[in-house]
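# Observations on chain architecture
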Amino acid sequence: MKHKLAIAYRIYPLISKSPAIHSDDKYKLSELCIASFARALEGIDYKLWAILDKCPPEYKELFNKYFTNIEFVEMSGVGNRETFRKQMDILQNQDFSEYIYFAEDDYFYLPNAMQKMMDFMKSDAKPHFLTTYDHLDYYIAEIHKHKKTEVEFEGQKWRSENGTCMTFLTTKSVLKKTRKVFITYAYRNFDTSLWIALTKLRAYNPIDYIKPSLQGMDWFKSYCKLWLYTPYFPFIPKYKLYAPVPSLSTHLEKYFLAPNIDWQEEFKKIELKD
């Protein structure tokens, strides 16, 4: 039986940061990402909500080229944080699947990525959250240097982490329990801060705050926001987040491509539909 998955995919028609490919053409960048995601969903019974944040009509046509079971949600340029709030509302209230995926528009996926994600999500490891992205920060940022657990499942390694971005897999029941934390993102909390509140890795010892803070002001701010937005986090359950090693996708910011994969070569393997 196929895995069932509900997906909310949010997209904005302007370039943000520094993409590793199509850095001056968001439409081409979007098609590359969407085509890779459609390929990654092969074998999955999905329903997709495309959240179009002030996108021109050709973006709706683009989704229709690659996906079948799809609904469109048009927004008026409200931005990153409000479209994330919309994702939560859609995924929490839908009845298609208990398994839910938050997707952003600047990720490139490898084949079978979602099949591997869903297989591991339903395994005895019982993760609460999964990311497809082996973030470069895991290797270079002091804040991510903590005790880690590795699990190998059906040929894919997974490693426990204390944070990721805002593209991830979870369940409706877990989202219901953690919504209070996630909603802080809509109020300008950092993703780093809310994930540490949930995973509780490198969260308590004030000495552990010093080295990350010396690496940059954003890391210092992350700890400030941890206590500002979620001062109650010591009293909520600890949640398990895993990332794949090697990566099953990459964020397309050119300075933070997932390591140990020739992404330029992977980009070439995607055949875009006419």
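Whatever comes next refers back to the structure up there.
Here's a quick rundown of the structure. Quick caveat: nothing in here was measured; it's all calculated off a predicted structure. Just so you know, the residues in each chain are numbered from 1, in the order the chain's sequence is written. In keeping with the model being predicted, local features are shown solely for residues with a pLDDT of at least 70 and side-chain atom pairs are shown and tallied solely at 80 or more, while totals for entire chains, interfaces and linings include all residues. Water and hydrogen atoms play no part in the side-chain values, which are based on all heavy atoms of the structure.

Turning to the nonpolar core, a few remarks are in order. We call a set of buried Ala, Val, Leu, Ile, Met, Phe, Trp, Tyr and Cys residues a nonpolar core when their side-chain atoms join them within 4.5 Å. With a 1.4 Å probe rolled over the protein chains alone, any residue whose accessible area is under 20% of its type maximum counts as buried; one over 50% counts as exposed, and the rest are partly exposed. F37, L48, F63, F67 and Y101 are the most contacted members of the largest nonpolar core, which has 51 residues in total. By definition, any uninterrupted DSSP run of H or I lasting at least four residues is a helix, any uninterrupted run of E lasting at least two residues is a strand, and each is numbered from the N terminus. Contributions of two or more residues to this core are made by β1 (4-11), α1 (26-40), β2 (45-53), α2 (57-66), β4 (99-104), β5 (107-109), α4 (113-121) and α10 (263-268). The leading source of residues in this core is α1, at eight residues. Note on definitions: a residue-residue contact is assigned when non-hydrogen atoms from the two residues lie within 4.5 Å. Discounting residues that sit within four places of it in the chain, F37 has contacts with I7, Y9, L48, F67, Y101, Y109 and M114. Among the nonpolar cores identified, the runner-up in size contains 38 residues, and A8, F84, F168 and Y232 belong to it.

As a further point, take the pattern of salt bridges. We define a salt bridge as a contact between a side-chain nitrogen of Lys or Arg and a carboxyl oxygen of Asp or Glu at a distance within 4 Å. Counted according to the given criterion, the structure contains 14 salt bridges. Measuring nitrogen to oxygen at the nearest pair gives 2.9 Å for the salt bridge that ties D105 to K26. On the criterion of sequence distance, the pair formed by D105 in the loop between β4 and β5 and K26 in helix α1 is long-range, its members being 79 residues apart. Neither residue differs from the other here; D105 and K26 are each classed as buried. Here E142 makes a salt bridge to R202, at a shortest N to O gap of 3.0 Å. Of this pair, E142 sits in the loop between α5 (137-140) and β7 (150-153) while R202 sits in the loop between α7 (191-199) and α8 (210-215); the two residues are 60 residues apart in sequence, bridging distant segments of the chain.

Okay, the pairing of strand β9 (residues 168-171) next. Of the two faces of β9, the one lined by F168 and T170 and the one lined by L169 and T171 are each fully buried. Direction of pairing for β4 relative to β9: antiparallel, over a ladder of four bridges. Considered in β9, the bridge of Y101 is made with L169. Strand pairing is assigned whenever DSSP identifies at least 2 bridges connecting the two strands.

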